[in-house]
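# Coordinate analysis (summary)
Listed below are the residues making up each chain.
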Amino acid sequence: MGPLPTGPGTGPTGPGAAGPSKGSSLARAFREADAEDVSSLSSCLRVLEGMSCTADYKAELARRLSAASGDRVADVGCGLGFDVVRTGRRVGTRGLTLGVDSSTELLARARALAPADMPQVRYAVGDAHRLPLATGVLDAARVDRALQHVRDPAQVVRELARAVRAGGRVACAEPDWETFTVTDDDRDTTRAVAHAWCAGFRHGWIGRELPALLGAAGVRDVRLTGHLLTARGYAEIDAVFDLTGTVRGLLSGAGDDRERLEQWRQRVLHRDRAGTLMATVTVFCASGRVRGP
């Protein structure tokens, strides 16, 4: 989920890819890592790492990637490197797993977390739009929750496919934020909160775009599945979905709707105390093999 260079434009790639609103501070931080304190990013990534639903879709992505002993694999937008280390265990010391990210701060934390006895785990600061890798040098490449932040997702996917040998594997996992839900009976206000969160991303609808992006990059036999990411309780929801920042952004321009938003927030807190508060989003996993020359 680590951020990658985003450049000056929004780089729309399909429906819902309008420029980001001021919205959530967490969504903005992932776009502008190293320009801001990465503590909130690190906290979000750590909470996600500990969620069983995250482990479920990551296990599916790993099965699609099929990394084996001796393979060379890149994880683009690797963040704190949890998946880099997991992949490193699969490829062993005869292989190589490279984590690429634009954030020097997140990579410093990733290096500190990496086991000292895994020389096959390496990290590099790089631009996902121009990977520092030769053509066809990899057996597989993955990107997980990073395309939503980049300037040009299509170019990033093309780079993944370029760096992977013919017959090698490319796997992507991205949320589709139009599927974001929060439990409350006020549908209009809940929709407004969900829309504001979605609009805070460069590519809030990127999940549904994955098959087309992979196909355009020369990846064949594309398989797509959806996986529900579920957060329960306000603390967990806020850590990964920044509910506080999203509502704060709406309140700043709410006008006559301020009272309704405040009431919505109080009901959410009441649900939290009652143990019935939940938020979800669908994460799409898409994968395939790179076509030969």
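In this report, the structure presented in the accompanying data block is examined. What you see is a predicted model; the values in this text were computed from it and never measured.

## What to know about the overall build of the protein
Counting its secondary structure elements, the protein contains 11 helices and 7 strands. Burial statistics for the protein: of 293 residues in total, 55% are counted as buried. Of the contacts made within the protein by residues no fewer than 6 positions apart, 82% connect residues no fewer than 24 positions apart. For the protein, the accessible area works out to roughly 12,000 Å², and carbon and sulfur atoms hold 50% of it. One finds the centroid of the 39 positive side-chain charges in the protein at a distance of 6 Å from the centroid of its 35 negative side-chain charges.

## Observations concerning the packing of aromatic side chains
For any pair of aromatic rings, the description consists of the separation of the ring centres together with the inter-plane angle of the planes. Going through the model one piece at a time under the given rule, you end up with 8 aromatic pairs. Aromatic pair Phe-180 and Trp-197: ring centres 6.3 Å apart, planes at 45 degrees, arrangement tilted. Residue Phe-180 is located in strand 5 (residues 164-182), and its partner Trp-197 is located in helix 7 (residues 187-199); the two are separated by 17 residues in the primary sequence. No difference in accessibility class separates Phe-180 from Trp-197, as the two residues are buried. Summarising the aromatic geometry, the rings of Trp-197 and Phe-241 are spaced 6.5 Å apart at their centres and angled 70 degrees between planes, so their arrangement reads as edge-to-face. Placement of Trp-197 in helix 7 and of Phe-241 in helix 9 (residues 234-241) is noted, with a sequence separation of 44 residues between them. Each member of the pair Trp-197 and Phe-241 is classed as buried.

## Considerations on helix 9
Every buried residue of helix 9 is accounted for by Tyr-234, Ile-237, Ala-239, Val-240 and Phe-241. Positive backbone phi, at 45 degrees, marks Asp-242, one or two positions downstream of helix 9.

## Here we look at the pairing of strand 1 (residues 72-76)
Counting buried positions along strand 1 gives 4 out of 5 residues, so the element sits mostly inside the fold. When strand 1 meets strand 2 (residues 96-101), the two strands line up parallel, connected through 5 bridges. When the bridges of strand 2 are listed, Arg-72 appears paired with Leu-96. Taken together, strand 1, helix 4 (residues 82-91) and strand 2 constitute a β-α-β crossover, and its handedness is right-handed.

Definitions and cut-offs
- Residues numbered from 1 in each chain as written.
- Predicted model: local features only at pLDDT ≥ 70, side-chain atom pairs only at ≥ 80, totals over all residues.
- Heavy atoms only, no water.
- Helix = DSSP H or I, 4+ residues; strand = E, 2+ residues; numbered from the N terminus.
- Buried < 20%, exposed > 50% of the residue type's maximum accessible area, 1.4 Å probe, protein only.
- Contact = heavy atoms within 4.5 Å.
- Areas by Shrake-Rupley, 256 points an atom, 1.4 Å probe, with all protein chains shown as cover.
- Lys, Arg positive; Asp, Glu negative; His and termini not counted.
- Charge placed at Lys NZ, Arg CZ, Asp CG, Glu CD.
- Phe/Tyr/Trp six-rings, centres within 6.5 Å; stacked < 30°, edge-to-face > 60°.
- Pairing = 2+ DSSP bridges.
- Right-handed = clockwise from strand over helix to strand, strands pointing away.

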